[in-house]
Amino acid sequence: MTVRTTDQALKSAPRDLVRAAALHPLPDPVHAPVQVVILAAGMGTRLGRAAPKPLTRLRDGRSIQRRQLDALSTAFGADVDVTVVVGYRAKQVMRHSAGVRFAYNPHYATTNTSKSLLTGLSVTRDGGVLWLNGDVVFDADVLEHALGLIAADESFVCVDTSTVADEEVKYTLDADGCIRELSKTVTGGLGEAVGINYVSAADKAVLLEHLGRCADQDYFERGIETAIAEEGTRFRPLDISAFAAVEVDFECDLERANTIFWSGPVTELLTGDVLAVEAG
């Protein structure tokens with residue numbers, strides 16, 4: 001693992017971005033609430049649990065998805081417009097997801113995140129969209145940190161510049177400090193993408209076109225890469241290294257998320273469709 005302490009990613013302090021948001025306020029929530037897509041269609045086979053991964057319970061008793069939805073409501077208001085892309089055990093996910101809309105990826109078992117994001121973005125209205133991987137446990141302050149760029153409607157990728165692991169999605173930058181490469185195979189990566197991203201109103205149609213061109217097994221980062229290379233689309237890196245964010249792929253990731261956000265050992269027991277959490 002390579003660790004870097006400097007990068008060209010955006011490093012504005014949260015309070016600075018809040019001031020920027022005050023100068024460029026978000027649209028009137030009555031007319032244009034912030035749009036969010038959560039990708040929750042995958043089977044989560046690497047975690048090895050019967051329940052859909054977004055419903056995995058954390059130590060505080062909330063599921064990963066419930067924690068995400070609570071953070072979104074706090075940051076953007078109760079009228080935040082959330083679409084959850086479902087697939088694997090869709091009805092179960094829907095039962096546990098009050099107050100949101102749904103988009104169904106019927107090919108969830110044979111496609112990757114490029115097609116789930118295509119499904120989700122296709123049902124949004126005009127305007128930019130924030131999207132999250134449905135298995136990311138993150139500090140709610142990440143959303144506050146992103147307010148300035150959302151208010152300015154600039155496409156961005158949240159990145160962690162403190163670590164670069166071989167198996168994670170990595171990135172490089174162009175001469176202007178925007179994303180140039182974004183994939184797991186990047187050489188000389190400057191940090192890791194954490195699974196929280198935003199596409200502007202102006203860039204959304206181009207991204208949709210390139211997601212449509214992606215192979216079924218491509219991650220959505222492939223669509224971003226080809227839009228950048230072929231269309232000159234610009235995604236800025238937003239450094240969230242000051243905050244915690246864990247993408248839960250394996251049991252060790254879940255343990256790490258629980259350790260970061262809640263100290264002390266945790267024992268999880270799966271009973272039917274409900275994951276019970278007991279502090280050890």
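Placed above this text is the structure.
Residues numbered from 1 in each chain as written. Predicted model: local features only at pLDDT ≥ 70, side-chain atom pairs only at ≥ 80, totals over all residues. Heavy atoms only, no water.

1. Thoughts on the overall build of the protein chain
Part 1 of the reasoning: Secondary structure summary: the protein chain contains 9 helices and 13 strands in total.
Part 2 of the reasoning: In the protein chain, of all internal contacts separated by at least 6 residues, the share reaching a separation of at least 24 is 72%.
Part 3 of the reasoning: Summing over all exposed atoms, the protein chain offers an accessible surface of approximately 12400 Å²; the carbon and sulfur share of this is 52%. (Helix = DSSP H or I, 4+ residues; strand = E, 2+ residues; numbered from the N terminus. Contact = heavy atoms within 4.5 Å. Areas by Shrake-Rupley, 256 points an atom, 1.4 Å probe, with all protein chains shown as cover.)

2. Here's the deal with the nonpolar core
Part 1 of the reasoning: Core analysis: the biggest nonpolar cluster contains 34 residues, and Val36, Leu72, Phe76, Val82, Leu130, Phe156 and Ile196 have the highest contact counts within it.
Part 2 of the reasoning: Setting aside residues no more than four positions away along its own chain, Leu72 makes contact with Val36, Ile38, Gly77, Val80, Val82, Leu130, Leu132 and Leu143.
Part 3 of the reasoning: Membership of the second largest hydrophobic core comes to 25 residues, among which are Leu39, Ala103, Leu182 and Phe220. (Core = buried A, V, L, I, M, F, W, Y, C linked by side-chain atoms within 4.5 Å. Buried < 20%, exposed > 50% of the residue type's maximum accessible area, 1.4 Å probe, protein only.)

3. What about the side chain of Ser183?
Part 1 of the reasoning: Locating Ser183 in the fold gives a position in strand 8 (residues 179–183).
Part 2 of the reasoning: At a separation of 3.4 Å, a polar atom in the side chain of Ser183 contacts the main-chain amide nitrogen of Val186.
Part 3 of the reasoning: Beyond its immediate sequence surroundings of up to four residues, Ser183 is in contact with Glu168, Val169, Lys170 and Glu225. (Polar contact = N/O pair within 3.5 Å; in protein donor to acceptor, adjacent residues only side chain to side chain.)

4. Points about the pattern of salt bridges
Part 1 of the reasoning: Applying the stated criterion across every chain yields a total of 15 salt bridges.
Part 2 of the reasoning: As a salt-bridge pair, Glu225 and Arg222 come within 3.4 Å of each other at their nearest N and O atoms. Highlighted residues: Glu225 and Arg222, both in helix 8 (residues 220–231), separated by 3 residues, approximately one helical turn.
Part 3 of the reasoning: You can call Arg222 partly exposed: its relative accessible area is 42%.
Part 4 of the reasoning: Here the residues in one salt-bridge network are Arg46, Lys53, Asp135 and Asp249, joined through shared partners. (Salt bridge = Lys/Arg side-chain N within 4 Å of Asp/Glu carboxyl O.)

5. Focus: the pairing of strand 2 (residues 81–86)
Part 1 of the reasoning: Most of strand 2 sits inside the fold, with 6 of its 6 residues counted as buried.
Part 2 of the reasoning: Alternating positions in strand 2 separate into two faces, Asp81, Thr83 and Val85 on one and Val82, Val84 and Val86 on the other, with burial throughout.
Part 3 of the reasoning: Relative to strand 2, strand 1 (residues 35–40) runs parallel, the two sharing 6 bridges. Among the inter-strand pairings, Leu39 is bridged to a residue of strand 2, identified as Val85.
Part 4 of the reasoning: For the handedness criterion, the β-α-β arrangement of strand 1, helix 2 (residues 64–76) and strand 2 is classed as right-handed.
Part 5 of the reasoning: As defined by bridge partners, strand 2 adjoins strand 3 (residues 101–104) across 4 bridges and the pair is classed as parallel. Note on strand 3: the bridge partner recorded for Val86 is Tyr104.
Part 6 of the reasoning: In terms of handedness, the path from strand 2 via helix 3 (residues 90–95) over to strand 3 forms a crossover that is right-handed. (Pairing = 2+ DSSP bridges. Right-handed = clockwise from strand over helix to strand, strands pointing away.)

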